[in-house]
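Listed below, chain by chain, are the residues.
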Amino acid sequence: FNRVNRIAISAMKQSGQYYLPTINNLNSFDEVINSTKEEQLFIAHVEDSLNHHLAGLYSPDKSICLLIGPEGDFTKDEISLAKARKFKSVSLGRSILRTETAGVYSVSLIRGLNER
């Protein structure tokens, strides 16, 4: 955890953005979807090609929880469980992104939408 926190501080300083995100401990999928308090709940996955793009559903004035899956995507059961907990399926575009890239892309997209 200390290493991750040092990396986040270094990235914050390098980018000139003096906002340090909260880095939580690792939780199971069930713990995350059952405990989130955010107003907007999204799960990005490639199972359904008809998913709406995150940019079209995100509202900058509300808190957000965006689930990005592991390599190989979420399982069908995980997607179903998230949907049952009111998570909306979203797309991050036509390309299938690596988990690491999807996270960076999503944060950049949300930051850009917040600056409009």
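For clarity, every value in this text was computed on a predicted model and none was experimentally measured.

With that out of the way, let us pick up the confidence of the model for the chain. Residues of the chain with pLDDT of at least 70 account for 98%, and the chain-wide mean is 90. Put simply, helix 1 (residues 2–15) is where the chain has its lowest mean pLDDT, 87, and strand 1 (residues 40–44) is where it has its highest, 97.

Inspection of the entire model under this criterion finds 1 aromatic pair. Ring geometry for phenylalanine 29 and phenylalanine 74: centres 5.7 Å apart, planes at 55°, overall tilted. Residue phenylalanine 29 is located in helix 2 (residues 29–35), and its partner phenylalanine 74 is located in the loop between strand 3 (64–68) and helix 4 (76–84); the two are separated by 45 residues in the primary sequence. Here phenylalanine 29 matches phenylalanine 74 in class, with each residue buried.

A word on unusual backbone geometry. Phi at aspartate 73 takes a positive value of approximately 80°, unusual for a residue other than glycine. Following the sequence through the fold, aspartate 73 ends up in the loop between strand 3 and helix 4. Residue lysine 86 is not a glycine yet carries a positive backbone phi of 80°.

Before going further, it helps to examine the pattern of salt bridges. Summed over the entire model, instances satisfying the criterion amount to 2 salt bridges. Across the salt bridge formed by glutamate 100 and arginine 98, the nearest N and O atoms sit 3.5 Å from each other. Note that arginine 111 is salt-bridged to glutamate 115, the shortest N-O span being 3.9 Å. Judged by its relative accessible area of 61%, glutamate 115 falls in the exposed class.

Here the focus is the sheet that holds strand 2 (residues 52–53). Taken in spatial order, the 4 strands line up as 2-4-1-3 in an open sheet, and their pairing is parallel. The open sheet is flanked by strand 2 and strand 3, the only strands paired with a single partner. Relative to strand 4 (residues 88–91), strand 1 runs parallel, the two being bridged by 3 bridges. When the bridges of strand 4 are listed, phenylalanine 42 appears paired with lysine 88.

What follows covers helix 1. Here helix 1 is 14 residues long and its end C-alpha atoms lie 20 Å apart, about the 20 Å a rise of 1.5 Å per residue gives. Positive backbone phi, at 70°, marks glycine 16, one or two positions downstream of helix 1.

The residue asparagine 51 is located in the loop between strand 1 and strand 2 in this model. According to the relative accessible area criterion, asparagine 51 is buried, its value standing at 12%. As for asparagine 51 and leucine 20, which are separated by 31 residues in sequence, their C-alpha atoms are 31 Å apart. Those residues in contact with asparagine 51 that lie beyond four places of it in its chain are His45, Ser89, Val90 and Ser91. A distance of 3.2 Å separates a polar side-chain atom of asparagine 51 from the backbone oxygen of histidine 45.

Procedures and definitions
- Residue numbers restart at each chain and count upward from 1, following the sequence in its written direction.
- The predicted origin of the model limits local features to residues at a pLDDT of at least 70 and limits the giving and counting of side-chain atom pairs to 80 or more, whereas totals for whole chains, interfaces and linings rest on all residues.
- In computing side-chain values, all of the structure's heavy atoms are included and hydrogens and water are not.
- Values of pLDDT, which run from 0 to 100, indicate the predictor's confidence residue by residue.
- Numbering goes from the N terminus for both helices and strands, where a helix is a DSSP run of H or I of at least four residues and a strand is a run of E of at least two.
- Between 30 and 60 degrees the pair is tilted, below 30 it is stacked and above 60 it is edge-to-face, where a pair is any two Phe, Tyr or Trp rings, Trp via its six-membered ring, whose centres lie within 6.5 Å.
- Only protein chains enter the accessibility calculation, which uses a 1.4 Å probe; a residue whose area is less than 20% of its type maximum is buried, one above 50% is exposed, and one in between is partly exposed.
- For salt bridges, the criterion is a side-chain nitrogen of Lys or Arg within 4 Å of an Asp or Glu carboxyl oxygen.
- Should DSSP find at least two bridges between two strands, the strands are taken to pair.
- Multiply 1.5 Å by the residue count of a helix minus one, and that product is the helix's expected span.
- Residues count as neighbours in contact if any of their non-hydrogen atoms are within 4.5 Å of one another.
- Definition of a polar contact: a pair of N or O atoms within 3.5 Å, with one able to donate and the other able to accept a hydrogen when the atoms are protein atoms, and with sequence-neighbouring residues admitted only if both atoms are side-chain atoms.

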